[in-house]
Amino acid sequence: MKKAVIYTCHLEGRISEPDNEMQEQLCREYAQQHGIKVVGFYMDCVTTKREPLLMKQQLLKGCKQHDWDIVLFSSLSILGRKINDTMKFLSQLSKYVKYKVVDQENDPFLREVGKILEFLYKAGQR
């Protein structure tokens, strides 16, 4: 059975986005549907956009140790607003483990957008 950790991030006061609890629930449902055992959880909760996402960096460090197979995210938007930074983070992460973005996995349109963003990021790195 594959093992996964979940990463969530929420900006306090932003009611238009799912809070950490809802993000975790979405990822747990995905894991259950796909026979993935959740073995860990990383959560950032910030009060301003300028605060560093400390648990996101801890997650990357943890992935280097290969304690799990997959990282689950509820959506790309929780990883930051700068798409180039987000794609750089995912590129670094994918050197160690796989990742799944739950809303992309459940929505064909978002899945294609994710593929395009990944392609554009990799093309810009050449």
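This text follows the structure it describes.
Below or above, wherever it landed, is the structure these notes cover. These figures come from a predicted structure and were not determined experimentally.

### Focus: the sheet that holds strand E2 (residues 36-46)
Pairing between the strands of a sheet comes from backbone hydrogen bonds, and it takes one of two forms, parallel or antiparallel. The strand order E2-E1-E3-E4 describes an open sheet built from four strands, whose pairing is parallel. With one partner strand each, in any of the chains shown, E2 and strand E4 (98-101) form the two edges of the open sheet. Here the average twist between neighbouring strands, direction ignored, is 20 degrees. As paired strands, strand E3 (residues 70-73) and E4 are joined by four bridges and run parallel to one another. Bridge pairing links Phe73 to Val101 in E4. Against the sheet, helix H1 (residues 20-33) touches strand E1 (2-11), E2, E3 and E4, its axis set at about 160 degrees to E1.

### Describing a nonpolar patch on the surface
Together, Ile116, Phe119 and Leu120 make up an exposed nonpolar region whose accessible area comes to about 330 Å². With respect to the helices, strands and loops of the structure, Ile116 is situated in helix H5 (residues 108-124).

How each quantity is defined
Residues numbered from 1 in each chain as written. Predicted model: local features only at pLDDT ≥ 70, side-chain atom pairs only at ≥ 80, totals over all residues. Heavy atoms only, no water. Pairing = 2+ DSSP bridges. Helix = DSSP H or I, 4+ residues; strand = E, 2+ residues; numbered from the N terminus. Axes fitted to C-alpha atoms, helices over the stretch in contact; angles between N-to-C directions. Contact = heavy atoms within 4.5 Å. Patch = residues over 30% accessible without salt bridge, like charges linked within 9 Å, V, L, I, M, F, W, Y side chains within 5 Å. Areas by Shrake-Rupley, 256 points an atom, 1.4 Å probe, with all protein chains shown as cover. Salt bridge = Lys/Arg side-chain N within 4 Å of Asp/Glu carboxyl O.

Remember, this is a structural readout, not a statement about activity or role.
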